[in-house]
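# Observations on chain architecture
Now for the letters of each chain:
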Amino acid sequence: MFNPQLNADGKLQHLLSIEGLPKKILNEILDTAESFVGVAEREVKKVPLLRGKTVCNIFFENSTRTRTTFEIAAKRLSADVLNLNVSTSSQSKGETILDTVNNLIAMHADMFVVRHNQSGAAHLIAQHVPPHISVINAGDGRHAHPTQGLLDVFTIRKYKPDMHNLRIAIVGDVLHSRVARSEIHALTTLGVPEVRVIAPKTLLPAGIEKLGVQVFHDMKAGLQDVDVVMMLRLQNERMSGAMLPSAQEYFKTYGLTQEKLDLAKPDAIVMHPGPMNRGVEIDSAVADGEQSVILPQVTYGIAVRMAVMAILAGGSQA
Amino acid sequence: MNILIQHGRLIDSANNIDAQHDVYIAQGKVVGIGLSPEGFKADRTIDASGLIVAPGLVDLAARLREPGLEYKATLTSELHAAVAGGVTSLACMPDTEPVLDEPGLVEMLKYRATMLNLTHVYPLGALTMQLQGKKLTEMYELTQAGCVGFTQADAPIVDTQVLWRAFEYATTFGYTLFLRAEDSFLSKDGVAHDGEVANRLGLKGIPAAAESLALATILRVASETNAKLHIARLSTAEGVALVRQAKQQGVQVTADVSAHHLHLTEHDIGFFNAHAHLKPPLRTQRDQQALCNGVLDGTIDAICSDHTPVDTDDKLLPFAESEAGATALELLLPLSLKWALDHQQPLTQAMTRITQAPAGILGIAAGKLNIGEVADIVIFDADTYHKVEAHTLKSLGKNTPFLNMELPGKVHYTLIQGLVVYQA
Amino acid sequence: MTLPDPEILIQQITAQIKAILTPHSALIGIHSGGVWILERVLADLNMDIPYGKLDAAMYRDDYAQRGLKSKNQASWIPFDVTDKHIILIDDIFYTGRTTRAVMNELFDFGRPASITLAVLINRGGAQLPITPQISGANIPLNSDQAFQLSLDTLGHFHLSVEQLNAGVSHV
């Protein structure tokens, strides 16, 4: 079966989504990330793997923080980095996505990191680049954010090494969240036995159980005895209608407070992909509290992205 | 010109014929079936051995893109595509630029189409001005100019008062309303069926309820106003059930399905294949089954192409930004034949749905080959499979989810008014 | 061919290493065979010497052809490399490319005063102007052969020669 992420030899050619990644490759990325964690602590925070290569961050959708982490990751691999911020406006018919990409290919870019507000944008680009170029999806619409899913799983592994014995809850706007989808695929692929989603009906997609998760509308019930709480950002900009009455009501029913967190296991960890809406989906005290691993997520995110780039840029005759 | 079509297998479902009969044509009309008329001398003989001879196909919905949208396709290119597909009569959609809501525009279109001497074009007029669902169009004048019915294309009529009045007014004159049922609020910004695939791919979904809710409303209004209603492009199991029920209750309703929806489901979107971006969206296996059953039991009267040529660049976009629609005039016959094969149906069943039945819905004299009828004929090979390829399609639209697939049925000859307008 | 007992070779190189130690020396093992030997040398020397481990994976010159090896171990240098006399320890010296990669990596940690290369066996075939200053034995092999060094459960080393399949090259 054709897999747009793998080349004819079964080697990872693009990272577009966690769905469709063989477990073996998932683990390869995570294991490789381990060896990159220490690079930041060296005198020279670089390894020469991508020396002479050009990595282009093509962000059709704005995001300083994600773009920055990809930039740091690429530079720590000794790559040259180009940042292209292409603002999209449905009114103005400017250059098409593929025209933008073709121009960059003509300038001999080697790797594209793409973020776009439409699902499938990274797939479209990957279908149209020549064989020596790799595409990394940095977030496409509601579809996927694979490096986030990977770094989340990497973080969980650091604190809870036995994935086969975990109960994990994902809380929030699953409907609009590419992060949630990637997290769900990563967790289920790696064999986490119980993955829960906790949200009001209006924020859950139809048939979400088919992805292998248990649905909870009651947050207190959903957090019982969980080992990991993964919070999602309440995405104001993505909601196009009256899905929630107010941020206050959301916080009361689905916001993470210490009181609700105490229903989870005492050593449960709290995660958030960022940026956080303090007081909306998460209480400040929890975000800054002992159980929060939100800042380590950011650190690990660089190592994971380095691993992804290193695997994509390397040859395959091993 | 006198033409003799020899040794072919004549399938004329309107007259219940499926037999080896020669067909005799003179002065643009059918003058003999089986037996040669007295004194007939053929100027040209077509050897139809091993081929099917049938009334030319009647397509209920084709977008010809003129006026105004010539960068997608032109009248000339698409009517050539039509005859290559064996389609000799078609109803075209009014969602052009400008919209076909003025008699003058309709006259112009009819005139230009007639000058090409290819497929007969029967425009469907806009039901409301600019298709905006607010002001009724001059339906009488539009009919005088050549419209055979009225439609909103893909635009909604949100105001139920306007909807009611549109039905009442059309019914005054006995005009047929061609409406696709879709609630505009539930389907807003949706690009795929609201289900498993849209969920995984992060695409905004259109729930099945968008169709059934709107359909229930439309059927009710039709029943109360005694209107002649045709439901276009059914896509849900619930929709089929509602139409079946309405027919049983005596509502004057007919229905069609796009050939695509008989064969494809949401899974054919695959990895964001924009060629599978259609309106209405491709839905589940269960819906596809119900649609096929609907054709089998006659709830769905006709199969149409829903021909929508799209400029290549408008498909080379992320799925939700891509333009919906598929080129299909040249695929109507192959897809209908494949449907018959897949469901072990006799050829006549499939042919009815693309000749006699749509002709009846449009109220035109086509889709049958009685003696004295205009000789609009398609001669095709039902058995050979051919590959659907961009460079062999005559349509300027190369956008089809069936690209590179093999389908049965190849048109060898198309005759319009007794003249060969297409030869393979 | 008769192979020497690796246990004896280790004793030999441990003695040679001991002879050149200074107060500013440090030992670094090259993953993975060199790390085993480092651990034995440290145990046998029984002195307080700074030590670390380097994995050449990210500095190899065949990354473009082969990518990263699936099992790469993290490099770990818990002391400041600058001004130290580093003794690199590896099991087999062959083309010299691994040593080149490791030296590059070492220089990204700081500026050593000197680098000495100590190997258990030098099998000849250097493709770069690099040579070990300390080696237990010089045993040339053909390009279709490779040494296999193994450690048993009692902590004893064993040495054998493996015939490689046609087309498999060994760096």
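Let's shift gears to the overall build of chain A. Looking only at helices and strands, chain A features 11 helices and nine strands. Here the C-alpha radius of gyration of chain A, 19 Å, is about what a compact globule of 318 residues would show, namely 20 Å. Viewed in the frame of its principal axes, chain A has a C-alpha envelope of about 55 × 45 × 40 Å. Within chain A, the proportion of its 318 residues that are buried is 58%. Counted over contacts in chain A with a minimum sequence separation of 6, partners at least 24 positions apart contribute 74%.

The helix and strand tally for chain B stands at 12 helices and 20 strands. The C-alpha radius of gyration of chain B comes to 21 Å, within 12% of the 22 Å expected for a compact globule of 424 residues. If one aligns the C-alpha atoms of chain B with their principal axes, the spans along those axes are about 65 × 50 × 45 Å. Each of the 424 residues in chain B was classed as buried or not, and the buried ones make up 59%. A separation threshold of at least 6 residues defines the contact pool for chain B, and within that pool the share at least 24 residues apart is 74%. Looking at chain B as shown, the accessible area adds up to about 15600 Å², and 49% of this sits on carbon and sulfur atoms. Distance between charge centroids for chain B: 1 Å, based on 32 positive and 48 negative side chains.

Looking now at the sheet that holds strand β6 (residues 44-47) of chain B. Residue and element names in this part refer to chain B. The mixed open sheet is built from four strands, whose spatial order is β5-β4-β1-β6. The sheet is open, and its two borders are formed by β5 (29-33) and β6, each paired with just one other strand. Each neighbouring strand pair of the sheet contributes to a mean axis angle of 20°, computed without reference to strand direction. Looking at chain direction, strand β1 (residues 3-6) and strand β4 (residues 23-26) are connected through three bridges and run antiparallel. Opposite Leu-4, over in β4, you have Tyr-24 as the bridge partner.

This part covers the interface of chain A and chain C. The interface is formed by 19 residues belonging to chain A together with 16 residues belonging to chain C. Counting the surface lost from both chain A and chain C, the interface buries some 1600 Å², and carbon and sulfur atoms represent 57% of this. Summed over the three residues of chain A that lose the most area to chain C, namely Ser-35, Arg-42 and Leu-49 of chain A, the buried surface amounts to 35% of that side. One can count one salt bridge joining chain A with chain C. Arg-42 of chain A is the partner of Glu-105 of chain C in a salt bridge, and the nearest nitrogen-oxygen pair spans 3.2 Å.

Right, let's get into the interface of chain B and chain A. Residue-level contacts link 17 residues of chain B with 27 residues of chain A. Summed over both sides, the interface of chain B with chain A buries roughly 1800 Å², with 61% coming from carbon and sulfur. Of all residues in chain B, Asn-199, Arg-200 and Phe-271 of chain B bury the most surface against chain A, accounting for 35% of the area lost on that side. Counting across the interface, chain B meets chain A through one salt bridge. Inspection of the region where chain B meets chain A yields five residue pairs in polar contact (both at pLDDT 80 or more). In terms of residue class, the side of chain B that touches chain A is made up of nine nonpolar, three polar and five charged.

Before going further, it helps to examine the arrangement of the chains. Across the two pairs of chains in contact, the largest number of contacts is found between chains A and B. A gap remains between chain B and chain C, which never touch, and the nearest two C-alpha atoms on either side lie 27 Å apart.

So, about the nonpolar core. Counting 112 residues, the largest nonpolar core has Phe-36, Leu-49, Leu-50, Leu-187, Leu-256 and Met-309 of chain A as the members making the most contacts within it. Of all the elements, helix α11 (residues 294-313) of chain A adds the most residues to this core, at 13 residues. Of all hydrophobic cores here, the second largest spans 95 residues; its members include Val-87, Leu-90, Ala-350 and Ile-416 of chain B.

This brings us to the sheet that holds strand β7 (residues 214-216) of chain A. In a beta sheet, neighbouring strands pair by backbone hydrogen bonds and run either parallel or antiparallel. Residues and elements named next belong to chain A. Pairing is parallel in the open sheet, where five strands are placed in the order β7-β6-β5-β8-β9. Each end of this open sheet is capped by a strand with a single partner; those strands are β7 and β9 (269-271). Within the sheet, the average angular offset between the axes of one strand and its neighbour, ignoring direction, is 20°. Relative to strand β6 (residues 194-198), strand β5 (residues 167-171) is paired through five bridges, and the arrangement is parallel. Its bridge partner being in β6, Ala-169 is matched across the sheet by Arg-196.

Here chain B averages 96 in pLDDT, and 100% of its residues register 70 or above. Interface scoring of the predicted complex returns ipTM 0.90; its pTM is 0.90.

According to the stated counting rule, one finds 10 aromatic pairs over all chains in the structure shown. Judged by centre distance (5.2 Å) and plane angle (85°), the ring pair of Tyr-24 of chain B and Phe-40 of chain B falls under edge-to-face. Note that Tyr-24 of chain B is positioned in strand β4 and Phe-40 of chain B in the loop between β5 and β6, a separation of 16 residues in sequence. Classification of Tyr-24 of chain B by relative accessible area gives buried; the value is 8%. A connected cluster of aromatic rings, assembled from ring pairs, spans Tyr-140, Phe-150, Tyr-169, Phe-173 and Tyr-175 of chain B. It is Arg-305 of chain A that lies over the ring of Phe-70 of chain A; its NZ or CZ is 4.7 Å from the centre. Lying across the ring of Tyr-94 of chain C, Arg-123 of chain C places its NZ or CZ 3.6 Å from the centre.

Okay, the side chain of Thr-116 of chain C next. Residue and element names in this part refer to chain C. Following the sequence through the fold, Thr-116 ends up in strand β4 (residues 114-122). Residue class for Thr-116 comes out buried when judged on its relative accessible area of 15%. If we skip the residues at most four places from it in the chain, Thr-116 touches Ile-20, Ile-86, Ile-87, Leu-88, Gln-133 and Ile-134.

With that settled, the discussion passes to the packing of helix α1 (residues 75-84) of chain B against helix α2 (residues 103-116) of chain B. Residues and elements named next belong to chain B. Contact pair α1 / α2: the axes reach a minimum separation of 11 Å and the direction vectors enclose 55°. As summarised for this structure, α1 and α2 are arranged oblique, according to the angle between their axes. Two packed elements cross with a definite hand, and for α1 against α2 that hand is right-handed. Contacts between α1 and α2 involve Leu-75, Thr-76 and Leu-79 from the first element and Leu-109, Arg-112, Ala-113 and Leu-116 from the second. Tallied by class, residues from the contact of α1 with α2 come to five nonpolar, one polar and one charged.

Glancing now at the environment of Lys-84 of chain C. Residues and elements named next belong to chain C. Of note, Lys-84 is situated in the loop between α3 (63-66) and β3 (85-93). Classification of Lys-84 as buried rests on a relative accessible area of 19%. C-alpha separation for the pair Lys-84 and Gly-110, spaced 26 residues apart in sequence, amounts to 9.4 Å. Those residues in contact with Lys-84 that sit more than four places away from it in its chain are His-24, Ser-25, Ala-26, Pro-50, Phe-79, Pro-112, Ala-113 and Ser-114.

Residue and element names in this part refer to chain C. Relative to each other, helix α1 (residues 6-20) and helix α2 (residues 33-45) sit at 65°, their axes nearing to 10 Å. Note that α1 runs across α2; the crossing there is right-handed. Side by side, α1 and α2 meet where Glu-7, Ile-10, Ile-13, Thr-14, Ile-17 and Lys-18 of the first sit next to Ile-37, Arg-40, Val-41, Asp-44 and Leu-45 of the second. In terms of residue class, the contact of α1 with α2 is made up of six nonpolar, one polar and four charged.

Conventions adopted
Residues numbered from 1 in each chain as written. Chains lettered and ligands numbered in written order. Predicted model: local features only at pLDDT ≥ 70, side-chain atom pairs only at ≥ 80, totals over all residues. Heavy atoms only, no water. Helix = DSSP H or I, 4+ residues; strand = E, 2+ residues; numbered from the N terminus. Rg over C-alpha atoms; globule rule 2.2 N^0.38 Å. Buried < 20%, exposed > 50% of the residue type's maximum accessible area, 1.4 Å probe, protein only. Contact = heavy atoms within 4.5 Å. Areas by Shrake-Rupley, 256 points an atom, 1.4 Å probe, with all protein chains shown as cover. Lys, Arg positive; Asp, Glu negative; His and termini not counted. Charge placed at Lys NZ, Arg CZ, Asp CG, Glu CD. Pairing = 2+ DSSP bridges. Axes fitted to C-alpha atoms, helices over the stretch in contact; angles between N-to-C directions. Buried area = accessible area lost by both parts, 1.4 Å probe. Salt bridge = Lys/Arg side-chain N within 4 Å of Asp/Glu carboxyl O. Polar contact = N/O pair within 3.5 Å; in protein donor to acceptor, adjacent residues only side chain to side chain. Nonpolar A, V, L, I, M, F, W, Y, C, P; charged D, E, K, R; others polar. Core = buried A, V, L, I, M, F, W, Y, C linked by side-chain atoms within 4.5 Å. pLDDT = per-residue confidence, 0-100. Phe/Tyr/Trp six-rings, centres within 6.5 Å; stacked < 30°, edge-to-face > 60°. Lys NZ or Arg CZ within 6 Å of the ring centre and 35° of its normal. Parallel < 35°, antiparallel > 145°, perpendicular 65-115°, else oblique. Left-handed = near helix turned anticlockwise from the far one by under 90°.

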